[in-house]
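Examining the three-dimensional arrangement
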Amino acid sequence: MSTPTLLLDAGERAAWTGAQAAVAVLATDLADIPVWWAAPAALILAAAKGWIAGHLGRPGTASTLPAGADPASTRTV
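These remarks concern the structure in this document. (Residues numbered from 1 in each chain as written. Predicted model: local features only at pLDDT ≥ 70, side-chain atom pairs only at ≥ 80, totals over all residues. Heavy atoms only, no water.)

**Digging into the pattern of salt bridges**
Scanning the model with the defined rule gives one salt bridge in all. When the shortest N-O distance is used, the salt bridge between D9 and R13 registers 3.2 Å. Of the two residues, D9 and R13 are both situated in helix 1 (residues 3-31); the distance of four residues between them amounts to about one turn of the helix. (Salt bridge = Lys/Arg side-chain N within 4 Å of Asp/Glu carboxyl O. Helix = DSSP H or I, 4+ residues; strand = E, 2+ residues; numbered from the N terminus.)

Here it is, written out as structure tokens:
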């Protein structure tokens, strides 16, 4: 895997994780429930993102990267 592709993949994962955590913390704050509920909420968001990306994105992956940057799409075995 080339360095730019690795950086795109790592960046995508980090960005989605940060977004899911932020939404989960915001939701617990707005709902006025204990912040520890943010962890299961973020897990549900991550699972939903993976399922949606798996059905709408590149076949066989949960990536939202374009085909040229997705390591699962450019891999040669």
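**With respect to the packing of aromatic side chains**
What the rule picks out here adds up to one aromatic pair. The interplanar angle of 25° and the centroid separation of 4.5 Å between the aromatic rings of W36 and W37 together place this pair among those described as stacked. When its relative accessible area of 41% is taken as the criterion, W37 is described as partly exposed. (Phe/Tyr/Trp six-rings, centres within 6.5 Å; stacked < 30°, edge-to-face > 60°. Buried < 20%, exposed > 50% of the residue type's maximum accessible area, 1.4 Å probe, protein only.)

**What about helix 2 (residues 38-56)?**
Taking 1.5 Å per residue, 19 residues should reach 27 Å; helix 2 reaches 26 Å between its end C-alpha atoms and fits that length. Buried within helix 2 are the following residues: A38, A42, K49, G50 and A53. With its buried residues spanning 110° around the axis, helix 2 presents them on a single face. Exposed positions of helix 2 whose direction lies more than 90 degrees from the buried face are L43, I44, W51 and H55. (Expected span 1.5 Å × (residues − 1). Arc of directions from axis to C-beta.)

**Observations concerning a nonpolar patch on the surface**
Together, I33, W36 and W37 line one region of the surface with nonpolar side chains, adding up to about 350 Å² of accessible area. Along the chain, W37 falls in the loop between helix 1 and helix 2. (Patch = residues over 30% accessible without salt bridge, like charges linked within 9 Å, V, L, I, M, F, W, Y side chains within 5 Å. Areas by Shrake-Rupley, 256 points an atom, 1.4 Å probe, with all protein chains shown as cover.)

**A closer look at the environment of A62**
Mapped onto the elements of the fold, A62 is located in the loop between helix 2 and helix 3 (71-74). When its relative accessible area of 38% is taken as the criterion, A62 is described as partly exposed. In this structure the C-alpha to C-alpha distance between A62 and I52, which are 10 residues apart in sequence, comes to 7.8 Å.

**Some points on helix 1**
Between the first and last C-alpha of helix 1 there are 42 Å, a value that for 29 residues agrees with the 42 Å anticipated at 1.5 Å per step. Those residues of helix 1 that fall on the buried side of the exposure criterion are T5, D9, E12, Q20, A24 and T28. Immediately beyond the C-terminal end of helix 1, within one or two residues, lies D32, with a positive phi of roughly 55°.

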